[in-house]
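Remarks on the overall topology
Here is what each chain is made of, one letter per residue.
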Amino acid sequence: MATYVVTGRNTTGKAVRQKVEAQSPSEARNLMSQQGMHIQDIKENKGISFSMADIQTSMAKVTVKDKAVFSRQFAALVSSGVALVRGIGILADQCPNPKLKAALQGINTDVQQGTNLSDSMRKHPKCFDNLYVSMVQAGEVGGVLDEVLNRLAKLLEDLNRLQNQIKSAMAYPVTVGFLATAIFIGMTVFLLPIFAEIFEDLGAPLPLFTRVLMAISKMLRTWYLTLGLIGVISVIVFIYKQYYKTPVGRVTMDGFFLKMPLFGDLAQKSATARFCRTFGSLSRSGVPILTALEIVRDTSGNQVISNAIASAQTEIQSGGMISIALQEHGVFPVMAIQMISIGEETGELDQMLMKVADFYEDEVEQAVKALTSIMEPIMIVVLGGMVGSILVAMYLPMFSVMDHLG
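Please read these numbers as outputs of a predicted model, since none were measured by experiment.

For the coordinates displayed, the defined rule picks out 0 disulfides. There is no disulfide at C95, and the cysteine sulfur nearest it, in C127, is 8.6 Å away.

Put simply, helix α7 (residues 130-142) and helix α8 (residues 145-202) touch, their axes get as near as 8 Å, and they point 155° apart. On the basis of the axis angle, α7 is roughly antiparallel to α8. Of the two possible hands of crossing, α7 and α8 adopt the one that is right-handed. Of α8, the residues touching α7 (which contributes L131, Y132, M135, V136, G139 and E140) are L145, V148, L149, R151, L152, L155 and L156. Its residues placed into classes, the contact of α7 with α8 shows 10 nonpolar, 1 polar and 2 charged.

Moving on to the sheet that holds strand β3 (residues 38-44). One open sheet accounts for 3 strands, arranged β2-β1-β3; its pairing is antiparallel. Both edges of this open sheet fall to β2 (15-22) and β3, since each of them pairs with a single strand only. Across the sheet, the mean angle separating the axes of adjacent strands is 25° when strand polarity is ignored. Here 6 bridges tie strand β1 (residues 2-9) to β3, and the two strands are oriented antiparallel to one another. Considered in β3, the bridge of G8 is made with I39. Strands in contact with helix α1 (residues 25-34) are β1, β2 and β3; relative to β2, the strand with the most contacts, it is inclined by about 125°.

What follows deals with the side chain of T188. Relative to the helices and strands, T188 is located in helix α8. Sequence-distant contacts of T188, defined by excluding residues within four places in its chain, comprise P193, L213, I216, S217, L220 and I390.

Counted by the stated rule, this structure contains 15 salt bridges. Residue K67 is joined to D129 by a salt bridge in which the shortest nitrogen-to-oxygen separation is 3.8 Å. Note that K67 is positioned in helix α3 (residues 64-79) and D129 in the loop between α6 (117-122) and α7, a separation of 62 residues in sequence. When the shortest N-O distance is used, the salt bridge between R250 and D254 registers 3.6 Å. Here R250 pairs with D254, and both are found in helix α11 (residues 247-259), just 4 residues apart, close to one helical turn. Accessibility expressed as a relative area gives 31% for R250, which makes it partly exposed. Each of K154, D158, R161, R277, D358 and E361 takes part in one network of salt bridges that share partners.

Reading guide: rules and limits
- Residues numbered from 1 in each chain as written.
- Predicted model: local features only at pLDDT ≥ 70, side-chain atom pairs only at ≥ 80, totals over all residues.
- Heavy atoms only, no water.
- Disulfide = S-S within 2.5 Å.
- Axes fitted to C-alpha atoms, helices over the stretch in contact; angles between N-to-C directions.
- Helix = DSSP H or I, 4+ residues; strand = E, 2+ residues; numbered from the N terminus.
- Parallel < 35°, antiparallel > 145°, perpendicular 65-115°, else oblique.
- Left-handed = near helix turned anticlockwise from the far one by under 90°.
- Contact = heavy atoms within 4.5 Å.
- Nonpolar A, V, L, I, M, F, W, Y, C, P; charged D, E, K, R; others polar.
- Pairing = 2+ DSSP bridges.
- Salt bridge = Lys/Arg side-chain N within 4 Å of Asp/Glu carboxyl O.
- Buried < 20%, exposed > 50% of the residue type's maximum accessible area, 1.4 Å probe, protein only.

Okay, structure coming up:
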């Protein structure tokens, strides 16, 4: 016997939450229905658990790639005529991600009890966001669930490829920057003091540049000064995060990210590709345009872009065009706005959005290659400069020693 928590409304319409012992969720539903309760949700009361499986499930993260693979497999099963319950059960059994596996098991139970697939997925927002649920709901209503799942898989695969391209652009400078910092700290803490002791024994005056680096070395070798430096950096990061949480701070920083040298162009093109791909997929799947814009606004990841999309929603509600509202904010490239305008005029907005997405995804790929080629010599110079500064600090005093001995 298991204990289930049943939520719903009683015969008078009052919301109630009650525990019941039963062999299965269906038996718990039948027991409470016999008492006149209109059931809304049933969950097993497992109590507090610290098993390794529960810890793995709570720590796991459902990635875009996980959802893309699931969507592609689920679409193949649905198009082959496999029943939803059986298809979800098969995918749940073979799912390697523990969090997604637990969500699919819960969805499977809900679907068996008569809940719509989209409503079942809505109960698991950490696995299936509003974008995913809305497209599935449109597929259910239109009777084209397999087509929508294939579109979802294509959308998620494209978004995953876009994310990987951006990560690859950031990987090289981050890696080289980390190595340069580690080498600089290592030489400053361990190597520079050895030479400093030699020069002090010889009684030669140290140049200003060497004294500055020696002060840095002493600070890094003094634990309370190092803790103080870490504390200052932590305070700065904390202040930045708190500022970013404010509406003004988020608009300011997100606007700065779009205009950053080197990376701003990449951020703008990737945001344009993501907006067009997501909006086009939602529109093509039959999601109402205002709902689609709301979903895209919430998933944009940039407040400046979200504000532009919100203006587009207001423009449409008043009978205007999306392209006009987007153009006023100056967030998206001119060519993208012109192509969206053409799509609105010809009545083929979804097709035009997909073409724009294809174009700017290629642009992102080219921008990543160009950025990598630019960053390579810059990072080599930075790395050489940091290491060279230590060498200069060690060899400059030799001239003073020679003059002193002479």
